[in-house]
Protein chains: 2
Amino acid sequence: MNKKGKLIVISAPSGCGKDTVVAEMIKRMDGRACRSISMTTRQIRPGEKDGVNYYYVSREDFLKSIKNGDMLEYTVYGSNYYGTPASPVREMLREGKVVFLIIEVEGGENVKKIFPDAVKIFIIPPSFEALEKRLRGRGTDSDDAIKARLSIARAEIVRADEYDYIVENDVLDKAVDDCMAIIRAEELKISSMQNKLSEVINNA
Amino acid sequence: MNKKGKLIVISAPSGCGKDTVVAEMIKRMDGRACRSISMTTRQIRPGEKDGVNYYYVSREDFLKSIKNGDMLEYTVYGSNYYGTPASPVREMLREGKVVFLIIEVEGGENVKKIFPDAVKIFIIPPSFEALEKRLRGRGTDSDDAIKARLSIARAEIVRADEYDYIVENDVLDKAVDDCMAIIRAEELKISSMQNKLSEVINNA
């Protein structure tokens, strides 16, 4: 059976646990799923691997990717570019993989233009109170930084209705179960089951 | 939280185990789900209960339901009418229940007109060979009856693309898991999560 891949776009405000949720799903899906890899112009660091942590490219190549419309989103941080190229995602989908793409709300808009079948999940905190508690619990941000993060979070959650599904991350395991249910359901949609249907009908 | 009900329409050829799948889901959902109840003009039998096995009504009342457009589907068997009235379904949905409606492909078409939010699942056998084996295994049908059932099954499966989801019932537990994933995913759709979203945003 020629199993088609699925692109799953995940967005969430900082502090909602999106990286943990995705890491847990990849673990559960046992080789069938992977995370899209970003591209950067910064130097590779000791211990990092090209094509694992990032694709490390020259500034010239990065700008070429932007020009070719291959960059789903990109940002400049310091003097380096960071971005999400579409072509490796396309390659992984062709191999039948479930590809997770963690992306900003802004970038999420773009993805549907290039990958119209992408499934977009937005992860929300149980409440702003809970989110604030988590951000404070990290102990890495100043009071002002936390206030800024919360205000960004609010602006992002207001745009959650651009997504297909909303998952609340209160208890990690439950949030992962919910995301897994979404992926399974998407695989059972009539549009994804045409091959199986034809197979049954043609062998009648 | 004001949890909305969900209407889940289930169709499948005879022998695909739709009743078992639905019974298993209702068990797993522990009071949150129920099956829609049919209406009939036949006499109530000892041991049966009105509103449990069927709604037992007069021929006059049955015809009134048809006339009022409340009957999702109906059929005449012998001298009695059997049908699926919409109003009890509407009532159960208002109570926030997940309502399973097992219905013929013909009737399924109608449901979406009256319940546009209904989710339609079509259950298929792993193959026609497997279906034939199951029908023979029952030991209740003659060879001709089995041939007739298989030919009806084929005509029904060809119309499976009128459904939202396709679930293969090879191993019962897996088919039930798949249907449960569909229901969970439907509950996480942005259209079902507006209340939760507003709750989080308004308490920011």
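Conventions used here
Residues numbered from 1 in each chain as written. Chains lettered and ligands numbered in written order. Predicted model: local features only at pLDDT ≥ 70, side-chain atom pairs only at ≥ 80, totals over all residues. Heavy atoms only, no water. Core = buried A, V, L, I, M, F, W, Y, C linked by side-chain atoms within 4.5 Å. Buried < 20%, exposed > 50% of the residue type's maximum accessible area, 1.4 Å probe, protein only. Contact = heavy atoms within 4.5 Å. pLDDT = per-residue confidence, 0-100. Buried area = accessible area lost by both parts, 1.4 Å probe. Salt bridge = Lys/Arg side-chain N within 4 Å of Asp/Glu carboxyl O. Polar contact = N/O pair within 3.5 Å; in protein donor to acceptor, adjacent residues only side chain to side chain. Helix = DSSP H or I, 4+ residues; strand = E, 2+ residues; numbered from the N terminus. Nonpolar A, V, L, I, M, F, W, Y, C, P; charged D, E, K, R; others polar. Least-squares fit on C-alpha atoms with pLDDT ≥ 70 in both. Pairing = 2+ DSSP bridges.

## Considerations on the nonpolar core
- If you look at the biggest cluster of nonpolar residues, it comprises 84 residues, and the most contacted ones within it are A:Ile10, A:Met25, A:Phe100, B:Ile10, B:Met25 and B:Phe100.
- In this structure, B:Met25 is in contact with B:Ile10, B:Phe100, B:Val176, B:Cys179, B:Met180 and B:Ile183, ignoring residues within four places of it in sequence.

## Considerations on the confidence of the model for chain A
- Put simply, chain A has an average pLDDT of 93, and 99% of its residues get 70 or more.
- Scored as a complex, the prediction yields pTM 0.90 and ipTM 0.89.

## A word on the interface of chain B and chain A
- Counting from both sides, the interface comprises 32 residues of chain B and, opposite them, 32 residues of chain A.
- When the area that chain B buries against chain A is broken down by residue, the three leading residues are B:Ile166, B:Leu188 and B:Val200, summing to 19%.
- The interface formed by chain B and chain A contains 4 salt bridges.
- Note that B:Glu168 is salt-bridged to A:Lys196, the shortest N-O span being 3.4 Å.
- Taken together, the links from chain B to chain A amount to 12 residue pairs in polar contact (both at pLDDT 80 or more).
- Of all elements in the fold, only α6 (143-158), β9 (165-168), α7 (172-188) and α8 (194-202) of chain B reach the threshold of two or more residues within the side of chain B that touches chain A.
- Of the residues forming the side of chain B that touches chain A, the biggest block, 7 residues, is contributed by α7(B).
- Per-class residue counts for the side of chain B that touches chain A are 21 nonpolar, 2 polar and 9 charged.

## Let's talk about the environment of B:Val22
All names here are of chain B.
- Inspection of the secondary structure assignment puts Val22 in helix α1 (residues 18-29).
- Judged by its relative accessible area of 1%, Val22 is buried.
- Residues Val22 and Ile190, spaced 168 residues apart in sequence, show a C-alpha to C-alpha distance of 26 Å.
- Residues within four places of Val22 in sequence aside, it is in contact with Ile10, Arg35, Phe100 and Ile102.

## A look at the relation of the copies chain B and chain A
- It takes a turn of 180° to lay chain B on chain A, together with a shift of 0.0 Å along the axis; the resulting RMSD is 0.0 Å. Such a combination of rotation and displacement between the chain copies is what one expects of a two-fold axis. Taking C-alpha positions as the reference, the residue of chain B nearest the rotation axis is B:Ala181, at 2.2 Å.
- Of the residues that chain B buries at the interface, 100% are likewise interface residues in chain A, meaning the two copies contact each other through the same surface.

## A look at the pattern of salt bridges
- By the definition in use, this model includes 44 salt bridges over all chains.
- The partner of A:Lys174 in a salt bridge is A:Asp178, with the nearest N and O atoms 3.4 Å apart. Taken together, the residues A:Lys174 and A:Asp178, both in helix α7 (residues 172-188) and 4 residues apart, mark about one turn of the helix.
- When its relative accessible area of 47% is taken as the criterion, A:Lys174 is described as partly exposed.
- Shared partners join several salt bridges into a network, and the residues in it are A:Arg32, A:Arg184, A:Glu187, B:Lys174 and B:Asp178.

## Looking at the pairing of strand β5 (residues 71-77) of chain A
All names here are of chain A.
- Pairing of β5 with strand β6 (residues 80-85) involves 6 bridges; the strand directions are antiparallel. For Thr75, the partnering residue across the bridge sits in β6 and is Tyr82.
- Between β5 and β6, which follow one another and run antiparallel, lie 2 residues, and Gly78 among them has a positive phi close to 65°.

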